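Structural characterization, general
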Amino acid sequence: MLQELFEHFKKLPKLPDGRIDFSQAEEAPIFLCVVRHQGEVLLLKRSYKVGFYKGWWNAVAGYIDEPKPLKEHVYQHLQRELGLASQHVHTIQWGRPYHFYDFVLGKNWLIHPVVVELKEKPVIVLDEEHTAYRWIHPQEITQYDIVPGLQDSLRRFL
C-alpha cells in the first residue's frame, strides 16, 4: 500500500536527504501515533520550530516521506521525539487510513492512525519539535488546543 502512495507523490520535490518534501503540497500522507499507558494518552505541545500547528497540542506525528514500513516511521519518531525505544512498546494497533481536509491550511491530510501502548510510563525526553507534554485521560482532550483531526483519531481507537 505504501508503494502505491509513493508512486502517487513521486513528482513532488525532494529534500537534500532524498525524502519527499510535502511542505508545499496540497495533500500529504502522515501517521498520527497516540501513545497510551493505563488509560492515559500522551499530548505533546508543538514548538514554534515546526512547519504547521505551532503551539498546538498533538500526538506523535510525521510525514510518511520515504518508502519504508510504517512501523519503522513510528519507531523512528518515538525515538527522536520522545526518547523511547522499541522495548518500551507493549502493543501497536493500526487504524484504517482516512482523509482530513484542513480548510485553514488548504491541505488534505491522509492520516494513518496508530496507537502505541507502553509497558510502563517512561521518562519522556522531548526533541526540538515539542516544548511540553502531558499525560491526560481522553475525555480531558477538549481542555487543550489540539491539532485538527486528533480528536477524530482518538475516537476511532478509544
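Cut-offs used in this document
Residues numbered from 1 in each chain as written. Predicted model: local features only at pLDDT ≥ 70, side-chain atom pairs only at ≥ 80, totals over all residues. Heavy atoms only, no water. Helix = DSSP H or I, 4+ residues; strand = E, 2+ residues; numbered from the N terminus. Buried < 20%, exposed > 50% of the residue type's maximum accessible area, 1.4 Å probe, protein only. Contact = heavy atoms within 4.5 Å. Areas by Shrake-Rupley, 256 points an atom, 1.4 Å probe, with all protein chains shown as cover. Lys, Arg positive; Asp, Glu negative; His and termini not counted. Charge placed at Lys NZ, Arg CZ, Asp CG, Glu CD. Phe/Tyr/Trp six-rings, centres within 6.5 Å; stacked < 30°, edge-to-face > 60°. Lys NZ or Arg CZ within 6 Å of the ring centre and 35° of its normal. pLDDT = per-residue confidence, 0-100.

1. Some details on the overall build of the chain
Counting its regular elements, the chain contains three helices and eight strands. Listing each helix as α and each strand as β along the chain from the N terminus yields α-β-β-β-β-α-β-β-β-β-α. With the principal axes as the frame, the chain shows a C-alpha extent of 45 × 35 × 30 Å. Looking at the chain as a whole, 49% of its 158 residues qualify as buried. Counting only contacts in the chain whose residues sit at least 6 apart along the sequence, the fraction spanning at least 24 positions is 67%. Accessible area for the chain stands at about 8700 Å²; split by element, carbon and sulfur atoms hold 51% of it. Charge separation in the chain, taken as the distance between the mean sites of 19 positive and 20 negative side-chain charges, equals 1 Å.

2. Here we look at the packing of aromatic side chains
The final tally for this structure, using the stated rule, is seven aromatic pairs. Both rings, one in Y53 and one in W56, keep their centres 5.8 Å apart while their planes meet at 50 degrees; by these two values the pair is tilted. Residue class for Y53 comes out buried when judged on its relative accessible area of 16%. Here the aromatic rings of W57 and Y144 are separated by 5.2 Å at their centres, their planes lie at 70 degrees, and the arrangement is edge-to-face. With W57 in strand β3 (residues 57-58) and Y144 in the loop between β8 (130-136) and α3 (150-157), this residue pair connects regions lying 87 residues apart in the sequence. In this structure, W57 and Y144 share a single accessibility class: buried. The aromatic ring of W109 is capped on one face by K107, whose charged end is 5.5 Å from the ring centroid.

3. Points about the environment of D145
Along the chain, D145 falls in the loop between β8 and α3. A relative accessible area of 58% places D145 in the exposed class. Through-space distance from the C-alpha of D145 to that of K45 is 9.2 Å; in sequence the pair is 100 residues apart. Aside from chain neighbours lying at most four places away, what touches D145 is W56 and W57.

4. So, the confidence of the model for the chain
In low-pLDDT regions, the fine details of the predicted coordinates are not to be read closely. Averaged over every residue, the pLDDT of the chain is 90; residues scoring 70 or more account for 96%. β8 holds the highest mean pLDDT among the elements of the chain, 97, whereas helix α1 (residues 2-9) holds the lowest, 70.

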